[in-house]
Amino acid sequence: MKVDQLEINISETRQQMGEAAAKAVADKIREIQDTQEFVNIIFASAPSQNEFLATLKDEPVIQWEKINAFHMDEYIGIAADAPQNFGYFLKVRLFDHVPVRSVSYLDGNATDPQQECDRYAKLLRENPIDIVCLGIGENGHLAFNDPHVAFFDDPLEVKVVELDDACRQQQVNDECFDTFAEVPQTALTLTIPTLMKAKYAFCIVPGEKKAQAIYHTVAEDIEEAYPSTILRKHPHAILFIDQASSGKLKEISSYSQA
């Protein structure tokens, strides 16, 4: 299935979805490694990425020593070794297991958050991104670009944002926090244009709780009220979903898995 420029890959199960995404990413990494010295990749941090990351770390075709890794968002004020810290999430699920060339983390505990945004933006300019591996939030966000701050023409590369209530509630729904009050109100995020600059985008979105977001991604006009719709303009983007997250697509009259 394809909607505008966005290719959609539907798997029966969450595990099969993660495996399909990992194989596609691994094959693209190998292809790029045949033509350039290093590959620059942005990774998302969320439970939705678990099966994908678990499979990716064991893909034999990847030369990890030729990969520079980045992550796309981080809470402000969460301890660096807290389970909810996004950098820590990636460290324990991926980077502790592979001989990656370099990992550049966003520091949510930097004394000056704006200065940290500037530092990370400079890193990204110096290392143009080849691949972004991302998810979609329940409110349609990409990274922490919730609808009220998801500017398709954002002049910034990395910025400080206030999280909306739907985004914060999702963190409770995902069992990352016990209560809504515990979820930080602010974060650092790569902006929509920064994510879209990646040459290739692989979006991994499993689960029934994401079905409405997937529906909006596919069916709504491409607009900032539904941030994930911008993926339909990316020239090389694939959306990986499972039966649960694809559940509402049948409501689209033109929907076909052909």
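Every value quoted in this text rests on a predicted model; they were computed, and no experiment measured them.

1. A look at the nonpolar core
Here is step 1 of the chain: One finds Met72, Ile136, Leu190 and Leu239 to be the most contacted residues of the largest nonpolar core, which totals 40 residues.
Here is step 2 of the chain: Residue assignment for this core shows that the elements contributing at least two residues are strand 2 (6–11), helix 4 (113–126), strand 7 (131–134), strand 9 (186–190), helix 6 (192–196), strand 10 (200–205), helix 7 (211–219) and strand 11 (237–242).
Here is step 3 of the chain: The dominant element in this core, judged by the number of residues it contributes, is helix 4, at five residues.
Here is step 4 of the chain: Phe43, Phe52, Val98 and Phe240 belong to the second-largest nonpolar core, a separate cluster that totals 30 residues.

2. Observations concerning the sheet that holds strand 11
Here is step 1 of the chain: Judged by pairing direction, the sheet is mixed, and its eight strands sit side by side in the order 1-2-11-10-7-3-4-6 without closing on themselves. Where the open sheet ends on each side, the last strands, each with one partner, are strand 1 (2–3) and strand 6 (102–104).
Here is step 2 of the chain: The pairing of strand 2 with strand 11 spans six bridges and is classified as parallel. In the strand pairing of strand 11, Ser11 is matched with Asp242.
Here is step 3 of the chain: Lying over the sheet, helix 1 (residues 14–33) contacts strand 2, strand 3 (39–43), strand 4 (67–71), strand 7, strand 10 and strand 11, oriented at roughly 165° with respect to strand 10.

3. Structural notes on the packing of aromatic side chains
Here is step 1 of the chain: Per the counting criterion, the structure on display carries seven aromatic pairs.
Here is step 2 of the chain: Each ring, one from Phe43 and one from Phe95, has its centre 5.9 Å from the other, and the planes form 75°; the classification is edge-to-face. Pair noted here: Phe43 is in strand 3 and Phe95 is in helix 3 (residues 86–95), with a separation of 52 residues, a long-range link. In terms of burial, Phe43 and Phe95 fall into one category: buried.
Here is step 3 of the chain: Ring geometry for Phe70 against Tyr120: centres 6.1 Å apart, planes inclined by 85°, an arrangement best described as edge-to-face. Note that Phe70 is positioned in strand 4 and Tyr120 in helix 4, a separation of 50 residues in sequence. For the pair shown, Phe70 and Tyr120 are each scored as buried.

4. Thoughts on the sheet that holds strand 8 (residues 158–162)
Here is step 1 of the chain: Read from one edge to the other, the open sheet built from three strands follows the order 5-9-8, with strand pairing classed as antiparallel. Strands at the two margins of the open sheet, each flanked by one partner only, are strand 5 (73–75) and strand 8. Each strand of the sheet is rotated relative to its neighbour by a mean of 20°, with strand direction disregarded.
Here is step 2 of the chain: Bridge count for strand 8 against strand 9 is five bridges, and the pairing is antiparallel. Within strand 9, the residue paired with Val161 across the bridge is Ala187.

5. A few points about the pattern of salt bridges
Opposite charge on two side chains makes pairing possible when the charged atoms of those side chains draw close.
Here is step 1 of the chain: With the rule as written, the count across this model stands at 12 salt bridges.
Here is step 2 of the chain: Residue Asp96 pairs with Lys91 through a salt bridge whose shortest N-O separation is 3.1 Å.
Here is step 3 of the chain: A single salt-bridge network, built from bridges that share partners, covers Lys23, Asp27 and Arg30.

Reading the values: rules and limits
- Residues numbered from 1 in each chain as written.
- Predicted model: local features only at pLDDT ≥ 70, side-chain atom pairs only at ≥ 80, totals over all residues.
- Heavy atoms only, no water.
- Core = buried A, V, L, I, M, F, W, Y, C linked by side-chain atoms within 4.5 Å.
- Buried < 20%, exposed > 50% of the residue type's maximum accessible area, 1.4 Å probe, protein only.
- Helix = DSSP H or I, 4+ residues; strand = E, 2+ residues; numbered from the N terminus.
- Pairing = 2+ DSSP bridges.
- Contact = heavy atoms within 4.5 Å.
- Axes fitted to C-alpha atoms, helices over the stretch in contact; angles between N-to-C directions.
- Phe/Tyr/Trp six-rings, centres within 6.5 Å; stacked < 30°, edge-to-face > 60°.
- Salt bridge = Lys/Arg side-chain N within 4 Å of Asp/Glu carboxyl O.

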